[in-house]
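# A closer look at the structure
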Amino acid sequence: MPDNPFRGRDVISILDFTREDLEELFSHADRSKELIRRRSLEGRIVALAFFEPSTRTRMSFEAAAKRLGAATISISGEEAISVAKGENLADTIAMLDSYADAIVIRHKYEGAALYASEIAEAPVINGGDGRQHHPTQAMLDLYTVRKLFGRIDGLVYGVLGDLRYGRAASSFILGLTLFKPRHVYLISPPQLRARSEVIEVLESRGFEYNEVESLTEVLPELDVLYVTRIQKERIPDPREYEALKGSYRVTIDLLKSKAREGLKILHPLPRVDEIDFSVDASPYQAYYLQARLGVDVRIALLHLVLAG
Amino acid sequence: MPDNPFRGRDVISILDFTREDLEELFSHADRSKELIRRRSLEGRIVALAFFEPSTRTRMSFEAAAKRLGAATISISGEEAISVAKGENLADTIAMLDSYADAIVIRHKYEGAALYASEIAEAPVINGGDGRQHHPTQAMLDLYTVRKLFGRIDGLVYGVLGDLRYGRAASSFILGLTLFKPRHVYLISPPQLRARSEVIEVLESRGFEYNEVESLTEVLPELDVLYVTRIQKERIPDPREYEALKGSYRVTIDLLKSKAREGLKILHPLPRVDEIDFSVDASPYQAYYLQARLGVDVRIALLHLVLAG
Amino acid sequence: MPDNPFRGRDVISILDFTREDLEELFSHADRSKELIRRRSLEGRIVALAFFEPSTRTRMSFEAAAKRLGAATISISGEEAISVAKGENLADTIAMLDSYADAIVIRHKYEGAALYASEIAEAPVINGGDGRQHHPTQAMLDLYTVRKLFGRIDGLVYGVLGDLRYGRAASSFILGLTLFKPRHVYLISPPQLRARSEVIEVLESRGFEYNEVESLTEVLPELDVLYVTRIQKERIPDPREYEALKGSYRVTIDLLKSKAREGLKILHPLPRVDEIDFSVDASPYQAYYLQARLGVDVRIALLHLVLAG
């Protein structure tokens with residue numbers, strides 16, 4: 001491949017990449033079975049440094065690395081906490097850089113992945129940091145849309161839930177700006193609207209979007225509904241929380257009465273009850289596919305960064 | 001192999017299998033070294049979902065998978081607990097099903113493995129659930145007897161300890177019903193007798209057994225003594241607990257005065273003090289062999305389920 | 001190789017080895033890239049039994065084993081604690097011995113590794129036990145000196161900090177006795193002087209050393225300064241602790257005003273603030289190299305013990 005834009009590169013924000021970069025990634029994800037057969041990372045080590053708990057993202061990266069023949073070394077829950085206490089992050093990253101060929105990091109602080117990438121010689125992949133960046137989640141979300149509709153452009157999207165503190169939602173919205181959706185509805189209670197940093201990107205790119213509060217009003221227009229969880233602690237008043245939660249709860253009855261036939265529902269998972277189990281067996285449900293495709297996208301990414 | 005009864009199959013209860021199935025398994029366990037050389041699971045991933053702590057069973061499966069060239073991904077202690085809290089088991093199993101080629105599950109609730117097997121397309125192997133089922137433990141226990149005596153039929157067995165709450169003991173007893181022991185003594189205090197579900201199986205199969213309370217009375221007849229632990233919390237009265245514990249404690253002096261020369265003692269381990277250390281160096285002791293053979297049996301099982 | 005002194009051998013104390021043994025090890029560490037290519041431990045399993053938390057030593061061994069193609073199985077933090085409580089160490093070691101080809105153990109009790117080596121048939125490698133022994137740390141420290149200076153003999157060493165409770169410092173001092181340093185300064189507060197067992201070894205070997213309290217006085221003479229942490233709980237009086245900590249804090253200003261140009265600073269890491277960050281970018285700093293070389297030394301050691 002003459003020009004692999006991912007080789008040796010840090011993956012910090014979805015905005016670091018162009019549409020063409022992502023299309024290159026997606027075409028590799030389409031061929032993940034072939035990449036697996038080649039075991040292109042045999043003998044390599046991927047460090048998983050999850051300073052914030054995450055089962056799905058960690059296991060998805062771990063499965064991807066191992067499918068390619070790489071080994072992984074992990075800082076696990078408790079250790080991560082005690083490392084975080086007893087040792088500065090710089091020394092920990094320097095240690096991982098000595099042991100591994102790539103570092104996947106998750107951290108609650110904004111900018112932790114960028115900081116790690118400045119210390120490590122090995123490529124650093126952001127597995128989610130702060131409130132805004134989770135680039136590989138956005139990659140797999142966009143890839144799922146492409147798998148479902150054959151394209152990302154020209155569709156109407158709704159992004160629902162906590163757009164202020166949820167990094168998956170923010171990264172998905174930012175990722176959409178690399179494409180040409182017909183329209184994007186940002187659906188949230190006023191307290192949980194998208195952060196100004198995100199809105200500024202939308203504005204500067206002349207992006208077609210609306211901030212709305214009601215799901216039911218916009219639901220009939222949507223091709224894709226991206227649902228995220230509203231955490232109880234974000235809404236101080238318990239009655240208000242219950243009301244909000246109820247108004248954003250996606251049920252099969254709601255979908256049957258309001259949604260387009262071809263609507264597909266994504267969710268980064270885990271969910272609590274923002275999507276009712278009644279939806280799981282319906283054709284609207286696409287979150288299990290999304291989880292599965294996450295491994296394919298991470299296989300493609302690790303391959304391109306380390307061996308492409 | 002024309003008819004491998006394990007291929008792609010869930011392993012939920014020892015009673016799902018026939019004597020012929022187990023003999024097929026055992027003959028593969030005999031050839032585990034050859035299976036290891038073939039690395040028949042290279043490129044495969046086995047998920048280890050231990051929602052209840054277990055060091056031995058987890059490590060034994062992990063060693064077996066890795067000997068065959070597979071990689072493993074694990075939900076570890078703390079994560080397992082938080083997954084168990086924040087997320088429904090169905091979503092977690094669906095996630096693992098996306099990432100792995102087989103799922104080994106341990107869970108405190110009866111029926112959890114069966115439930116998981118209904119959700120996952122990948123084969124689910126029960127690493128112990130509820131109070132009754134731990135099929136791979138029964139497989140390795142029976143295999144150990146076969147290694148020691150050349151047969152499982154025609155021997156006199158004693159199963160000692162907590163037959164009510166201990167899943168290893170229940171599964172061993174159920175496993176014995178697939179063979180033709182000469183006799184089985186179920187040795188326990190009245191409070192910890194085998195559950196009615198187990199007794200019904202014994203009755204319906206016309207199985208030769210007795211429920212007794214005294215170890216010393218039946219000890220002279222036994223070829224195999226399967227010892228399990230009595231947990232303190234099962235017996236509310238502390239004095240009663242101490243008396244019971246004492247009467248079921250296996251020491252070298254007791255064995256020398258009462259046991260047949262060829263008696264072999266099994267224990268699923270870990271033990272606390274129900275078998276005195278004085279027994280460890282004696283020819284009665286077979287529990288270290290049993291632990292070692294556990295890996296061979298799990299090598300055979302994973303191979304047959306995934307690659308046979 | 002006609003005479004590999006490491007094959008199948010337990011690694012308990014640095015004093016179990018001769019200078020020639022270590023030179024053999026170091027020459028293999030020099031060729032670690034070649035060992036990696038050979039994947040000489042494919043199909044082997046290394047058990048990591050860290051009963052005391054350690055991120056660096058564990059990950060360094062794990063990376064080394066995996067670079068050679070071995071798999072690892074680990075008793076992790078919480079499990080290790082519950083194993084330590086519910087089960088005797090002997091049974092746990094016997095279990096690991098059934099599952100793995102080598103056992104790396106870390107334990108807070110002196111002699112735990114030796115005890116484990118008496119139970120296990122597989123080679124046991126001490127990943128640090130008690131207050132005195134951490135042989136692979138000493139190996140990598142000595143190897144780092146050899147890399148930096150081309151030799152270990154003839155140099156002036158300072159070993160700074162907690163020489164009483166710090167096993168890395170003790171093992172380094174003991175390791176130096178296998179070579180011919182020009183002089184060794186043991187720099188510590190009186191409360192944290194080297195243990196009598198260590199001093200006896202130095203005396204019995206007619207080793208050139210001094211115990212001193214002041215770093216600044218001896219700093220100008222040193223070629224190598226090995227820094228270790230002083231833990232707060234070792235010094236009951238908080239004012240005394242602060243004074244001590246301050247007097248042993250290595251800063252770039254101190255080094256520029258007192259140290260030889262070629263001085264190299266080692267530290268087993270993690271550090272708290274005994275070495276100021278200002279030193280990190282200076283030519284004195286050698287602790288990141290030391291961490292990296294740790295993997296090479298452990299690659300060489302695992303190869304020689306298991307496959308050499």
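Residues numbered from 1 in each chain as written. Chains lettered and ligands numbered in written order. Predicted model: local features only at pLDDT ≥ 70, side-chain atom pairs only at ≥ 80, totals over all residues.

## Brief notes about the overall build of chain A
Helix and strand content of chain A: 13 helices and nine strands. For 308 residues, the compact-globule estimate of 2.2 N^0.38 gives 19 Å, and the C-alpha radius of gyration of chain A, at 19 Å, lies within 12% of that figure. Considering only C-alpha atoms, chain A reaches an extent of 55 × 45 × 40 Å along its principal axes. Of the contacts made within chain A by residues no fewer than 6 positions apart, 76% connect residues no fewer than 24 positions apart. (Helix = DSSP H or I, 4+ residues; strand = E, 2+ residues; numbered from the N terminus. Rg over C-alpha atoms; globule rule 2.2 N^0.38 Å. Contact = placed C-beta atoms within 7 Å.)

## Considerations on the packing of helix α13 (residues 287–306) of chain A against helix α5 (residues 89–99) of chain B
Between α13 of chain A and α5 of chain B, the shortest axis-to-axis distance is 9 Å and the interhelical angle comes to 35°. Our pair here, α13 of chain A against α5 of chain B, has a crossing hand that is right-handed. Contact with α13 of chain A, carried on its side by Y288, A291, R292 and V295 of chain A, involves A94, M95, S98 and Y99 of chain B of α5 of chain B and no other residues of that element. When its residues are assigned to classes, the contact of α13 of chain A with α5 of chain B shows six nonpolar, one polar and one charged. (Axes fitted to C-alpha atoms, helices over the stretch in contact; angles between N-to-C directions. Left-handed = near helix turned anticlockwise from the far one by under 90°. Nonpolar A, V, L, I, M, F, W, Y, C, P; charged D, E, K, R; others polar.)

## Some details on unusual backbone geometry
Of note, the bond from L269 of chain B into P270 of chain B is cis; its omega dihedral lies within 30 degrees of zero at 0°. Backbone geometry at L269 of chain A places phi at a positive 60°, although glycine is not the residue there. Checked against the element boundaries, L269 of chain A lands in the loop between β9 (264–266) and α13. Residue L269 of chain A is classed as buried on the basis of its 22 C-beta neighbours within 10 Å. (Buried ≥ 20, exposed ≤ 12 C-beta atoms within 10 Å, placed from the backbone.)

## Remarks on the packing of α5 of chain B against helix α6 (residues 112–119) of chain B
All names here are of chain B. At a closest axis distance of 9 Å, the pairing of α5 and α6 adopts a crossing angle of 55°. Taken together, the axes of α5 and α6 are oblique relative to one another. The two elements α5 and α6 meet at a crossing, and its hand is right-handed. Note on element contacts: α6 touches α5 through A112, Y115, A116 and I119, opposite L89, A90, I93, A94 and D97. Of the residues that constitute the contact of α5 with α6, the class distribution is eight nonpolar, no polar and one charged. (Parallel < 35°, antiparallel > 145°, perpendicular 65-115°, else oblique.)

## Notes on the nonpolar core
Counting 312 residues, the largest nonpolar core has I103 of chain A, I103 of chain B together with I103 of chain C as the members making the most contacts within it. Those residues in contact with I103 of chain B that sit more than four places away from it in its chain are A47, A49, I93, L96, D97, A116, A120, A122 and V124 of chain B. (Core = buried A, V, L, I, M, F, W, Y, C linked by C-beta atoms within 7 Å.)

## So, the sheet that holds strand β2 (residues 71–75) of chain C
For sheets, the rule is that strands pair by backbone hydrogen bonds, running either parallel or antiparallel. Residue and element names in this part refer to chain C. Strand order across the open sheet formed by four strands is β2-β1-β3-β4, with parallel pairing between neighbours. Two strands close off the open sheet at either side, each with one partner strand: β2 and β4 (124–129). Adjacent strand axes in the sheet meet at a mean angle of 15°, parallel and antiparallel pairs treated alike. Note: strand β3 (residues 102–107) against β4, four bridges, orientation parallel. Bridging across to β4, I105 finds its partner in N126. (Pairing = 2+ DSSP bridges.)

## A word on the sheet that holds strand β4 (residues 124–129) of chain B
Residues and elements named next belong to chain B. Here we have four strands laid out as an open sheet, ordered β2-β1-β3-β4, and parallel in their pairing. Looking at which strands have only one partner, the edges of the open sheet turn out to be β2 (71–75) and β4. Taking each pair of neighbouring strands and ignoring which way they run, the sheet shows an average axis angle of 15°.

## Observations regarding the confidence of the model for chain A
Averaged over chain A, the pLDDT score is 93; the fraction of residues at 70 or greater is 95%. In the model output, the complex is listed with pTM 0.95 alongside ipTM 0.93. (pLDDT = per-residue confidence, 0-100.)

## Regarding helix α7 (residues 135–149) of chain C
Residue and element names in this part refer to chain C. Its 15 residues place the ends of α7 21 Å apart at the C-alpha level, agreeing with the 21 Å of an ideal helix rising 1.5 Å per residue. Within α7, eleven of the 15 residues are buried, which leaves it mostly tucked inside the rest of the structure. Those residues of α7 not exposed but buried are P135, T136, Q137, A138, M139, L140, D141, L142, Y143, T144 and V145. Backbone geometry just after α7 places G150 at a positive phi near 80°. (Expected span 1.5 Å × (residues − 1).)

## What about the domain arrangement of chain A?
All names here are of chain A. Taken domain by domain, chain A comprises domain 1 (14–131 + 294–306) and domain 2 (135–291). Taking only C-alpha atoms, the centre of domain 1 and the centre of domain 2 are 26 Å apart. With 19 residues of domain 1 at the contact, the number on the domain 2 side is 22 residues. Residue assignment for the side of domain 1 that touches domain 2 shows that the elements contributing at least two residues are α1 (19–30), β4 (124–129) and α13. If you tally residues by element for the side of domain 1 that touches domain 2, the top one is α1, at five residues. Considered class by class, the residues forming the side of domain 1 that touches domain 2 number nine nonpolar, six polar and four charged. (Domains from an automatic or database assignment.)

## Here's the deal with the pairing of β4 of chain B
The element β4 of chain B is largely enclosed, with a buried count of six among its six residues. Taking the sense of rotation as the criterion, the β-α-β connection linking strand β3 (residues 102–107) of chain B, α6 of chain B and β4 of chain B turns out right-handed. (Right-handed = clockwise from strand over helix to strand, strands pointing away.)

## Quick look at the pairing of strand β7 (residues 209–212) of chain A
Residue and element names in this part refer to chain A. Looking at chain direction, strand β6 (residues 183–187) and β7 are connected through four bridges and run parallel. When the sheet's bridge partners are listed, L186 is paired in β7 with E211. With respect to chirality, the unit in which β6 leads through helix α9 (residues 196–204) into the neighbouring parallel β7 is right-handed.

## Focus: the environment of R195 of chain A
All names here are of chain A. Structurally, R195 is set in the loop between β6 and α9. Judged by local crowding, R195 falls into the partly exposed class, with 13 C-beta atoms found within 10 Å. For the pair formed by R195 and V124, sequence separation is 71 residues and the distance between their alpha carbons is 25 Å. Ignoring sequence-local partners within four residues, the contact set of R195 consists of R131, Q132, R164 and S170.

## Quick word on the environment of G158 of chain A
Residue and element names in this part refer to chain A. Inspection of the secondary structure puts G158 in strand β5 (residues 156–160). Classification of G158 by C-beta neighbours within 10 Å gives buried; the count is 23. Expressed as a C-alpha distance, the spacing of G158 and H303, which sit 145 residues apart in the sequence, is 32 Å. If we ignore the near neighbours within four places in the chain, the residues touching G158 are Y185, I187, V218, L222, L225 and Y226.

## Notes on the environment of L114 of chain B
Residue and element names in this part refer to chain B. Along the chain, L114 falls in helix α6. Its 17 C-beta neighbours within 10 Å are what place L114 among the partly exposed residues. Taking C-alpha positions, L114 is 8.1 Å from N126, a pair spaced twelve residues apart along the chain.

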